[in-house]
Each structure stands twice: as C-alpha cells, then as structure tokens.
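# Chain and residue survey
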Amino acid sequence: MTKGIEGKVVLITGGSSGIGAETARLLAERGAKVAIASRRKDRLDEVVADIAANGGTARSYALDVTDKSAVQSVVAAIIADFGRLDVLINNAGLMPIRPMAEVNTDEWDQMIDVNLKGTLYGIAAALPGFLEQGSGHIINLSSVAGIKVFAPGGTVYSGTKFAVSAISEGLRHEVGEKVRVTSIEPGAVESDLKFTTSGTAAETVLDFYKQAIPTASVARAIAFAVEQPDDVDINAIVIRPTAQEF
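Only a predicted model underlies this, so the values are computations on that prediction, with no experimental measurement involved.

## Quick look at the overall build of the chain
For the chain, the helix and strand inventory stands at 7 helices and 7 strands. Along the chain, from the amino end to the carboxyl end, the secondary structure elements read β-α-β-α-β-α-β-α-β-α-β-α-α-β. A compact globule built from 246 residues should have a C-alpha radius of gyration of about 18 Å, and the chain, at 17 Å, falls within 12% of that. By its C-alpha atoms, the chain is 50 × 40 × 35 Å across when sized along the principal axes. The 246 residues of the chain split such that 52% are buried. The long-range fraction of contacts in the chain, counting pairs at least 24 apart against all pairs at least 6 apart in sequence, stands at 70%. Accessible area of the chain: about 11000 Å², with a carbon and sulfur share of 52%. Charge separation in the chain, taken as the distance between the mean sites of 23 positive and 30 negative side-chain charges, equals 2 Å.

## Here's the deal with the packing of helix α3 (residues 68-82) against helix α4 (residues 105-133)
Packing of α3 against α4 leaves a shortest axis separation of 9 Å and a crossing angle of 40°. Comparing the axis directions of α3 and α4 gives the class oblique. Here α3 runs over α4; the crossing is right-handed. Two secondary-structure elements touch here, α3 through K68, V71, Q72 and V75 and α4 through Y121, G122, A124 and A125. Class assignment of the residues belonging to the contact of α3 with α4 gives a composition of 5 nonpolar, 2 polar and 1 charged.

## Quick notes on the UniProt feature "domain: Ketoreductase" (unreviewed entry) in the chain
Summarizing the sequence annotation, UniProt attributes the feature "domain: Ketoreductase" (unreviewed entry) to residues 8-192 in the numbering used throughout. Helix makes up 49% of residues 8-192 and strand 18%. Its end C-alpha atoms lie 27 Å apart.

## Description of unusual backbone geometry
Look at the link from A151 to P152: it is a cis peptide, with omega at 5°. Turning to its location among the elements, P152 is positioned in the loop between β5 (137-141) and α5 (155-175). A positive phi angle, near 50°, is found at V103, a position not held by glycine. By relative accessible area, V103 is classed as partly exposed at 48%.

## As for α4
The periodicity of an α-helix, 3.6 residues per turn, causes residues three or four places apart in sequence to face the same way. Across its 29 residues, α4 extends 41 Å between first and last C-alpha, which sits within 8% of the 42 Å expected from 1.5 Å per residue. Along α4, the helix axis deviates most sharply at K117, where the bend reaches about 35°. Phi turns positive one or two residues past the end of α4, at G134, with a value near 80°.

## Let's talk about the sheet that holds strand β2 (residues 33-38)
Read across the open sheet, the 7 strands follow the order β3-β2-β1-β4-β5-β6-β7; overall the sheet is parallel. Both outer strands of the open sheet, β3 (57-62) and β7 (236-239), are each paired with one neighbouring strand and no more. For this sheet, the mean angle separating the axes of adjacent strands, direction not counted, is 15°. Pairing analysis gives 4 bridges linking strand β4 (residues 87-90) to β5, with the strands arranged parallel. The residue bridging I89 from the neighbouring strand is I139, located in β5. Docked against the sheet, helix α7 (residues 215-226) engages β4, β5, β6 (180-186) and β7, running at close to 165° with respect to β6.

## Here's the deal with the packing of aromatic side chains
The full count for this structure, using the stated rule, is 1 aromatic pair. Where F150 meets F246, the ring centres are 5.2 Å apart and the plane angle is 35°; that geometry is what we call tilted. Highlighted residues: F150 in the loop between β5 and α5 and F246 in the segment after β7, separated in sequence by 96 residues. Overall, F150 belongs to the buried group, its relative accessible area being 19%.

## Quick look at the environment of L171
On the secondary structure map, L171 appears in helix α5. For L171, a relative accessible area of 8% corresponds to the buried category. Sequence separation between L171 and T119 is 52 residues; the distance between their C-alpha atoms is 12 Å.

## Topic: the nonpolar core
With 39 residues, the main nonpolar core has L11, I78 and L85 as its most contacted residues. Counting residues per element, the ones that place at least two in this core are β1 (9-13), β2, α3, α4 and α5. Discounting residues that sit within four places of it in the chain, L11 has contacts with A35, A37, V75, I78, L85, V87, L88 and I89. If you look at the next biggest cluster of nonpolar residues, it comprises 34 residues, including V10, A24, L26 and A58.

Rules and cut-offs
- Residues numbered from 1 in each chain as written.
- Predicted model: local features only at pLDDT ≥ 70, side-chain atom pairs only at ≥ 80, totals over all residues.
- Heavy atoms only, no water.
- Helix = DSSP H or I, 4+ residues; strand = E, 2+ residues; numbered from the N terminus.
- Rg over C-alpha atoms; globule rule 2.2 N^0.38 Å.
- Buried < 20%, exposed > 50% of the residue type's maximum accessible area, 1.4 Å probe, protein only.
- Contact = heavy atoms within 4.5 Å.
- Areas by Shrake-Rupley, 256 points an atom, 1.4 Å probe, with all protein chains shown as cover.
- Lys, Arg positive; Asp, Glu negative; His and termini not counted.
- Charge placed at Lys NZ, Arg CZ, Asp CG, Glu CD.
- Axes fitted to C-alpha atoms, helices over the stretch in contact; angles between N-to-C directions.
- Parallel < 35°, antiparallel > 145°, perpendicular 65-115°, else oblique.
- Left-handed = near helix turned anticlockwise from the far one by under 90°.
- Nonpolar A, V, L, I, M, F, W, Y, C, P; charged D, E, K, R; others polar.
- UniProt positions renumbered as here; feature names shortened; annotations may be inferred.
- Expected span 1.5 Å × (residues − 1).
- Bend = angle between axes of the 7 residues up to and from the residue.
- Pairing = 2+ DSSP bridges.
- Phe/Tyr/Trp six-rings, centres within 6.5 Å; stacked < 30°, edge-to-face > 60°.
- Core = buried A, V, L, I, M, F, W, Y, C linked by side-chain atoms within 4.5 Å.

Next comes the structure, spelled out in structure tokens:
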C-alpha cells in the first residue's frame, strides 16, 4: 500500500506539533513529499530537520489558517516548489473547553475562525487545482465531538466539528468523482490541543486526557486513507482510546 503514498505532495496545516507533525513524519517515511504549515515557523523547521535526517523530503511554510489570502499564497508556493499538490490535510485546530454560561465570545470566535473557516479556506485554496488535474484528496480533522456533543463545556467546539464533518460529507457528494474526501474523527489524543483550555475547565480536560492515545495512532489512520487505490475513498474514520466512553 505504500505505493499509494510514495511521491505524493502533501500539505498539512497545524504541522508543527501533535497529529500534524507525527503525520508528516510518517508520510515522509513512506515516500511522500511533505509541506507543513503553521504559525510557529521555528517548530516547523525542527520537524523538517527531523524528516530530512531520516531521509525524507519536507518544507515548512509560515501560515495563519484564519488568513484566507495567506492560505491561497501557501498553496500556490507549494505548487511552485513541488510542481503539484495531491493531498491537503486540514489539521489546524483549537479546543478551549468552557461552559457556555461564561459567554467567552472571544474563544467562540477563535474556534470558528480556526476550526471551521480555516478548514474552508484550505478547501478553497486546494480544490480548484484538484478539479483541474482530475485528482486530489482532502482530509479534514473532525472529532468524536463532531459525532456526539461534548457537553458541558465543549458545545461550541462540537459545533465547529459537527460542521467539519458535514462539510466533508457534502464535499464528497459534490466532487467525489474526482476528489477523495476523508473526515478523521479522533477521541482523546496526546497532543498540545488539550492545553488550549484555560480557566476552571482546564483540570477537567487534563484529567479526561489521561486516557489519551498517542498521535502515531491517528497518523496511521490518515496514512491508511491516503494509501488506498484511486478508486477507493475512505469517507470517515473514528478512532478513540478503548477506555474512552464518550
């Protein structure tokens, strides 16, 4: 199956740590040419150096996914640098957990901007090229919280992830003959995501993440979707710790 990954050019947003960085390492190990993007360029460069030291090919791109024109520019730069783009992995995300009664609209805006608009901006930047070349793969990171509402505390987060799952399925209906679409829906995963919660809910979230699975588990699920033959589209993968009830 590695032949389904080898040589593909893959863009991963939120690629400086966690699921994004681990997926970049795994896909590069299997022969992909990896472009990783995030706001933390120094962390990106560390991942690129790690991949290069292991014989892989990777480049880093500073990117704020909430900036629509910047996302367009990064996709254009990747096509200029690598000659094409084959896979987009919309991985950047935030998860500040807080009861809605606290009415933290700044956090609501951030989640909508990063989790939802950031995903849409990635799709908008990559999709025209995929349709023109007659192939491509869009992988969106949703969540088990996009299947069942994570409440109390995660209501708005769940709203953004339900939207990502819905957009993934709708996009598949619209462009599925040319472009594959996958929604990855993880449960508790050991990453920096849990640290985006502050205030009274932080301790609860950290306690919940004691059962977390490693990021490598999700990276393998993403690789499984990427490596399938062109006529096979893995539409959704739900992956959670065996100990996780939610």
